[in-house]
Amino acid sequence: GEQMRTREDVRSGALSSPWDVTLVRRTLWIAMAGVHQIWGIELAGSGQRAAGSGTSGAARRPLPAALRIGSGAEDIQDGSHSEAALAQPMGITSAGGRLYFVDAESSAVRWAHTDPSGRVGTIVGTGLFDFGDKDGVGDDVRMQHQQGIARHDDGRLLVADSYNDALKWVDPATRRAVTWRRGFAEPSGVAIGGDLAYVADTNAHRVAVAPLEGGPVDELELVF
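### Describing the overall build of the protein chain
- Helices and strands together make up the secondary structure of the protein chain, namely one helix and 18 strands.
- Buried positions account for 46% of the 224 residues belonging to the protein chain.
- Sequence-distant contacts in the protein chain: of pairs separated by 6 or more residues, those separated by 24 or more amount to 40%.
- When the accessible surface of the protein chain is summed, it comes to about 11,100 Å², and 47% of that surface belongs to carbon and sulfur atoms.

This is the structure:
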């Protein structure tokens, strides 16, 4: 890995602060926080390296422009893949031809079509300096610097509202956000498996386990 700094770095396939990934068929989508974009890299095949990667000195292919989402401007602006503006996308997941991601700097939860002709939209979040801790619907919702996101089978999104030390459910259809659990310490990642949510409770230095149907939060015991 090499950090992107110059236009030549861009052409060679260097990255800038990749934060999370999700796989959609043969395309690996990367939340590229450092350049306020989402990149899609088509994998060459099972067990093979992605285009744009390789050992030191190996040739790299430039990333196709059609697989970049976001103009590179830091803002919250909906539109086509090339016109939309993102703001430090960090957590990302996917379902049904859409990417769902959290834009940390705009404290937003957003979506983008995986089809290159698609668009970017916003579920909750209104501006770079609009943040807080408020449940509600649509533009009334306030979160702060979300870093993780996972999708439940029923379509809801579980968001790690990192700077509010909470987990919140967001319904992409109704745009309603509801606080589910509090008492974490800047949670930065979340995953759903069966009837449990697993939380990277970063500043508590633990992996928390929360039953989806209620009950106390436990800790994942690691035995080496």
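Here the narrative resumes.
### Section: the environment of Tyr163
- Here Tyr163 shows up in the loop between strand 12 (157-161) and strand 13 (166-171).
- Along the sequence, Tyr163 and Ala185 sit 22 residues apart, while their C-alpha atoms lie 8.3 Å from each other.
- Apart from residues no more than four positions distant in its own chain, Tyr163 is found in contact with Gln144, His145, Gln147 and Glu186.

### Examining the sheet that holds strand 9 (residues 119-124)
- Pairing in this open sheet of five strands is antiparallel, and the strands run 5-9-8-7-6 from one edge to the other. Among the strands making up the open sheet, the edge pair consists of strand 5 (79-80) and strand 6 (89-95).

### Observations concerning the sheet that holds strand 18 (residues 218-219)
- Strand order across the open sheet formed by four strands is 15-16-17-18, with antiparallel pairing between neighbours. A single partner strand is all that each edge strand has here, and the edge strands are strand 15 (187-193) and strand 18.
- Inspection of the sheet shows strand 16 (residues 196-201) paired to strand 17 (residues 206-211) by six bridges, in the antiparallel sense. Opposite Ala200, over in strand 17, you have Val207 as the bridge partner.

### Describing the environment of Gly138
- Tracing the backbone through its elements, the reader meets Gly138 in the loop between strand 10 (136-137) and strand 11 (148-151).
- The class of Gly138 is buried, set by a relative accessible area of 3%.
- For the pair Gly138 and Asp171, spaced 33 residues apart in sequence, the C-alpha to C-alpha distance is 9.9 Å.
- Non-local contacts of Gly138, meaning those with residues more than four positions away in its chain, are made with Ile123, Val124 and Arg175.

### Considering the pairing of strand 2 (residues 27-32)
- Within strand 2, five of the six residues are buried, which leaves the element mostly enclosed by the surrounding structure.
- Two elements, strand 1 (residues 18-24) and strand 2, share six bridges in a ladder whose sense is antiparallel. Looking at strand 2, one finds that Thr22 is bridged to Trp29.
- Between strand 1 and strand 2, which pair antiparallel and follow one another directly, the connecting turn spans two residues, one of which, Arg25, has a positive phi of 55°.
- In this structure, strand 2 lies alongside strand 3 (residues 37-42), joined through six bridges in antiparallel fashion. Bridge assignment links Leu28 to a residue of strand 3, and that residue is Ile41.
- Where strand 2 hands over to strand 3, the hairpin turn is made up of four residues, of which His36 adopts a positive phi near 55°.

### Observations regarding the environment of Val21
- Residue placement: Val21 occurs in strand 1.
- In this structure the C-alpha to C-alpha distance between Val21 and Ser94, which are 73 residues apart in sequence, comes to 9.7 Å.
- Setting aside residues no more than four positions away along its own chain, Val21 makes contact with Leu28, Trp29, Ile30 and Ile92.

Rules behind the numbers
- Counting from 1, residues in each chain are numbered in the order their sequence is written.
- Reporting of local features is limited, given that this is a predicted model, to residues whose pLDDT is at least 70; pairs of side-chain atoms are given and counted only at 80 or more, and all residues count toward the totals for whole chains, interfaces and linings.
- No hydrogens and no water enter the side-chain calculation; it runs on all heavy atoms of the structure.
- Here a strand is any run of E in DSSP of at least two residues, a helix any run of H or I of at least four, and the numbering for each starts at the N terminus.
- Exposure classes here rest on a 1.4 Å probe applied to the protein chains alone. A residue is buried below 20% of its type maximum, exposed above 50%, and partly exposed in between.
- Any pair of residues with heavy atoms lying within 4.5 Å of one another is described as a contacting pair.
- Values of accessible area rely on a 1.4 Å probe in the Shrake-Rupley scheme; residue burial ignores everything except the protein chains shown.
- When DSSP finds two or more bridges between two strands, those strands count as paired.

Limitation: the analysis is restricted to geometry and does not speak to function.
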